[in-house]
Amino acid sequence: MSDPKAHFQAGGAGYAAFRPSYPPEIAEVLAERAPARRLAVDVGCGTGQLSVLLAESFERVLACDVSASQLAAATPHPRIDYAEAPAEALPASEGSADLIAAGQAAHWFDHPRFHAECRRVLAPGGLVALVSYGVTIAPEPIRALFDTFHSRTIGPFWPPERVHVETGYADIPLPFEPVAAPALKIERSWDVAALLGYVETWSAVKAARKAGQGGAVEAFAEEVQSLWPAGGALPFAWPVTLKLGRVG
């Protein structure tokens, strides 16, 4: 398993500025399925995209990440406490949480140890939510270029864990009682600067640059700009998967 710190220890400001946030309704979907709304724990919180949404539906949010850079760029909120901690050793007391959620992070976890922490920290009937959003659905006129860059040009530089994101966490274990959830989608209207800023947050792009292949990234950026409608914005979407389980 790759070390998540190797991918996310730097670049927190870029994540905060360019990563798409989750649909606002996701917090209420999770709150409705949790046994209460006292404490939600956001594991692998990054810069707090999911945390701030949970704070609107829960009394308190404990948001944890292993990256100091990500936490330094996290969005402050009066009901959120940020902490530098891994998924396998949460700074929460036994039976204190109603929800443990992980947004676009569960593919980095040591799953048996994470499951043990869920059993320890959650109250009876507590909810575990593994949240992921899939590969970007890019619009015309850049769809073919975008898909080729993502899957082929920088494809060899994606960490092995990336496959779990692309399959919607279908093969990640969650040994708890399954809970049904609706299909959700992230939708954003972006100008070319926003898209290229987002691409720069990809772990594969960072790895490609580190390997001396930054020229391929620059070539992609130039071609995208040449195809982009002048002064316009284009619609982007990401399918969101909620894999939910209830701890007995």
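What you are looking at is a predicted structure, and each value in this text was computed from that prediction instead of being measured.

About the cut-offs
Residues numbered from 1 in each chain as written. Predicted model: local features only at pLDDT ≥ 70, side-chain atom pairs only at ≥ 80, totals over all residues. Heavy atoms only, no water. Disulfide = S-S within 2.5 Å. Buried < 20%, exposed > 50% of the residue type's maximum accessible area, 1.4 Å probe, protein only. Axes fitted to C-alpha atoms, helices over the stretch in contact; angles between N-to-C directions. Helix = DSSP H or I, 4+ residues; strand = E, 2+ residues; numbered from the N terminus. Parallel < 35°, antiparallel > 145°, perpendicular 65-115°, else oblique. Contact = heavy atoms within 4.5 Å. Polar contact = N/O pair within 3.5 Å; in protein donor to acceptor, adjacent residues only side chain to side chain. Salt bridge = Lys/Arg side-chain N within 4 Å of Asp/Glu carboxyl O. Core = buried A, V, L, I, M, F, W, Y, C linked by side-chain atoms within 4.5 Å. Phe/Tyr/Trp six-rings, centres within 6.5 Å; stacked < 30°, edge-to-face > 60°.

### Things to note about the state of the cysteines
Thinking step 1. Evaluation of the coordinates by the stated rule reveals zero disulfides.
Thinking step 2. Free of any disulfide, C64 has its nearest neighbouring cysteine sulfur in C45, separated by 6.7 Å.
Thinking step 3. Among the residues examined, C64 registers a relative accessible area of 0% and is labelled buried.
Thinking step 4. Residue C118 stays outside any disulfide, its sulfur separated by 12 Å from that of C64, the closest cysteine.

### Comments concerning the packing of helix 7 (residues 143-153) against helix 11 (residues 214-227)
Thinking step 1. At a closest axis distance of 10 Å, the pairing of helix 7 and helix 11 adopts a crossing angle of 170°. With respect to their mutual orientation, helix 7 and helix 11 come out roughly antiparallel. For the pair formed by helix 7 and helix 11, the contact residues are L145, F146, F149 and T153 on the first element and A216, V217, F220, E223, V224 and L227 on the second.

### With respect to the environment of T47
Thinking step 1. Counting through the fold element by element, T47 comes out in the loop between strand 1 (39-43) and helix 4 (49-54).
Thinking step 2. At 3.1 Å, the side chain of T47 and the side chain of Q49 are in polar contact.

### A look at the pattern of salt bridges
Thinking step 1. Counted under the stated rule, the structure contains 10 salt bridges.
Thinking step 2. E32 is the salt-bridge partner of R33, the closest N and O atoms lying 3.9 Å from each other.
Thinking step 3. One salt bridge in this structure joins D81 and R60, with 2.8 Å as the shortest N-O distance. On the criterion of sequence distance, the pair formed by D81 in strand 3 (residues 80-84) and R60 in strand 2 (residues 60-65) is long-range, its members being 21 residues apart.

### Regarding the nonpolar core
Thinking step 1. Of all hydrophobic cores here, the largest spans 55 residues; its most connected members are I26, L54, L99, L195, W202 and F236.
Thinking step 2. At six residues, the largest contribution of residues to this core is made by strand 8 (residues 234-246).
Thinking step 3. Leaving out residues up to four positions away in the same chain, L99 has contacts with L30, L39, A40, V41, L54, F58, L122, L127 and A129.
Thinking step 4. Counting 29 residues, the second largest nonpolar core, distinct from the first, contains V41, A97, V121 and F176.

### Observations concerning the packing of aromatic side chains
Thinking step 1. Scanning the model with the defined rule gives 13 aromatic pairs in all.
Thinking step 2. With 5.5 Å between their ring centres and 45° between their planes, W158 and W202 make a pair best called tilted. With a gap of 44 residues between them, W158 in the loop between helix 7 and helix 8 (162-166) and W202 in the loop between helix 9 (192-200) and helix 10 (203-210) connect regions that are remote in the sequence.
Thinking step 3. For W202, a relative accessible area of 3% corresponds to the buried category.
Thinking step 4. Taking the centre distance of 5.7 Å and the plane angle of 90° together, the rings of Y198 and W202 count as edge-to-face.

### Describing the side chain of H164
Thinking step 1. Inspection of the secondary structure puts H164 in helix 8.
Thinking step 2. For H164, the side chain forms a polar contact with the side chain of D171, separated by 3.1 Å.
Thinking step 3. Ignoring sequence-local partners within four residues, the contact set of H164 consists of H107, Y169, D171 and I172.

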